[in-house]
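Chain by chain, the residues run as shown.
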Amino acid sequence: MTIVIGFEGSANKIGVGIVRDGVVLSNPRHTYITPPGQGFLPSETAKHHRACVLSVLKEALLQAGIQPADIDCVAFTKGPGMGAPLVAVAIVARTVAQLWKKPLLGVNHCIGHIEMGRLITGAANPTVLYVSGGNTQVISYSERRYRIFGEAIDIAVGNCLDRFARVIKISNDPSPGYNIEQMAKKGTQFVELPYTVKGMDVSFSGILSYTEEMADKMLGSGECTPEDLCFSLQVTRISANFSKNMLACFSAGNLRLQEMMEVMCQERGAKLFATDERFCIDNGAMIAQAGWEMFRSGHVTSLEDSWVTQR
């Protein structure tokens, strides 16, 4: 049996997960919440992670019912992500690895999401629609590498949702995207929002610019409600992703997107694999799982190479 512990802290969530041969033993996390209308600054987010990481680590070990001696490898998010939070968590991972005398592994955050999706859904070789805070990409595995076939050419869906939420003062708890989805269910009026599709690439900056410029005017005049704007944003961004004609996908936590993708896959004879918010939202188990795959393949990261990268 191989047991890997994973540390994730690339954005506003600090998570520690433990995986044993494809079984998630524990996966606690803690989220840094800012007031509605505000984003999370790197320095303040890193401060939150430093304050919480040891308690989350203790919780992970307790839930898993194991001791440090049982762990075979320590994995951490190497990037991409926000610099200060990444550094804060990497320091803890390096320290733990040295104290426990365990090998260290730096994991790509995006691959962590993909490998977690493969584990949970059982999809062997999927085409991936990867929709997260900093990334909107169409990915598939070819010649021992994950290849990007299309992506957002300016801002990702997640960044668009975060900034949209700030404009209309939507809470960050548990996440802007989740709250937008709930409000969208109450929207009845469609407001046309601009977006661009170029081949397999897509642009969302037009949506954001239009919303930032027009939201106060439209809401103040009663032309539409915040729920209508959320509904319109959800329909528009899903249409943009649909225009890329995926044959199969997973890792999109938005339920409405999953429903529409299911219809599209049925029409094309493909099968949809979708995870839920336990594993779509940033978590330590996904880093542990990617680390497990890498460790079993003979990879380790030396201390000299255990730096982090925002890109």
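Within each chain, residues carry numbers counting from 1 in the order of the written sequence. Whole-chain, interface and lining totals are the exception, using all residues; otherwise, since this is a predicted model, local features are given only for residues with pLDDT of at least 70 and side-chain atom pairs are given and counted only at 80 or more. Here the side-chain values reflect all heavy atoms present in the structure, with hydrogen atoms and water set aside.

J.: I would appreciate a short explanation of the overall build of the chain in the present structure.
T.: Counting its secondary structure elements, the chain contains ten helices and eleven strands. For this measure, only C-alpha atoms enter the radius of gyration; the expected value for a globule follows 2.2 Å times N^0.38, where N is the number of residues. Rg of the C-alpha trace for the chain: 20 Å, near the compact-globule value of 19 Å for 311 residues, within the 12% margin. A burial count over the chain gives 51% of its 311 residues as buried. Look at the contacts in the chain between residues 6 or more apart in sequence, and 70% of them connect residues 24 or more apart. Residue exposure ignores everything except the shown protein chains as possible cover, and the areas themselves are Shrake-Rupley values with a 1.4 Å probe. Summed over its atoms, the accessible surface of the chain is roughly 14,300 Å², and 51% of this surface lies on carbon and sulfur atoms. Secondary structure counts use DSSP, requiring at least four H or I residues in a row for a helix and at least two E residues in a row for a strand, with both numbered from the N terminus. Three labels apply to residues, based on accessible area from a 1.4 Å probe with only protein chains included: buried if under 20% of the type maximum, exposed if over 50%, partly exposed otherwise in between. When checking whether two residues touch, look at their non-hydrogen atoms; a contact exists if any pair is within 4.5 Å.

J.: Would you mind showing me how to read the layout of surface pockets here?
T.: Rolled over the atoms, a probe with the dimensions of a water molecule shows which regions are left empty. What the largest pocket holds in volume is close to 1,400 Å³. In this structure, the largest pocket is lined by 46 residues; those nearest its centre are Ser 132, Gly 133, Gly 134, Gly 158 and Asp 162. Elements with a contribution of two residues or more to the lining of the largest pocket: helix H3 (109-121), strand S7 (128-131), helix H4 (157-167), helix H5 (176-184), helix H8 (255-267) and helix H9 (277-280). A total of seven residues in the lining of the largest pocket trace back to one element, the largest contributor, which is H4. Residue composition of the lining of the largest pocket, by class: 16 nonpolar, 19 polar and eleven charged. Definitions used throughout: a 1 Å grid over protein atoms alone; a cavity as a set of points that fits a 1.4 Å probe which cannot get out; a pocket as an open set with protein on both sides within 12 Å along at least five of seven lines; a lining residue as one with an atom within 4 Å of a point. Grid points are joined across faces, edges and corners, and a volume is the space filled by probe spheres set on the points. Taken as a whole, the second largest pocket holds about 810 Å³ of empty space. Lining the second largest pocket we find 25 residues, and of these Ile 111, Tyr 141, Arg 144, Arg 145 and Tyr 146 sit closest to its centre. Sorting the residues of the lining of the second largest pocket by element identifies strand S6 (104-108), H3, strand S8 (136-142), strand S9 (145-151) and helix H10 (284-296) as the ones contributing at least two each. Broken down by element, the residue count for the lining of the second largest pocket peaks at five residues, all from H3. Note that Gly is not counted as nonpolar here; it falls among the polar residues with everything else outside the nonpolar set of Ala, Val, Leu, Ile, Met, Phe, Trp, Tyr, Cys and Pro and the charged set of Asp, Glu, Lys and Arg. Split into classes, the residues belonging to the lining of the second largest pocket amount to 13 nonpolar, five polar and seven charged.

J.: Would you mind going over unusual backbone geometry with me for this structure?
T.: Residue Pro 80 follows Gly 79 across a cis peptide bond; omega there is -5°. Here Pro 80 is to be found in the loop between strand S5 (73-79) and helix H2 (83-100). The backbone of Lys 101 sits at a positive phi, close to 60°, despite the residue not being glycine. For Glu 143, which is not glycine, the phi dihedral falls at a positive 55°.

J.: Teacher, can you tell me more about the packing of H4 against H5 here?
T.: Working note: a packed helix pair is described by the angle between its axes plus the distance between those axes. Packing of H4 against H5 brings their axes to within 9 Å, and their N-to-C directions diverge by 65°. Between H4 and H5, the angle is such that the two are roughly perpendicular. Relative to H5, the crossing made by H4 is left-handed. Here Leu 161, Asp 162, Phe 164 and Ala 165 of H4 come into contact with H5, specifically with Pro 176, Gly 177 and Ile 180. Considering only residue class, the contact of H4 with H5 consists of five nonpolar, one polar and one charged. Under this scheme, a helix contributes an axis fitted over its contacting stretch, all axes are lines through C-alpha atoms, and angles between N-to-C directions fall in the 0 to 180 degree range. Oblique is the label for every angle not falling under 35 degrees (roughly parallel), over 145 degrees (roughly antiparallel), or within 65 to 115 degrees (roughly perpendicular). Handedness of a crossing follows from how the near helix is turned relative to the far one, being left-handed for an anticlockwise turn of less than a right angle and right-handed for a clockwise one.

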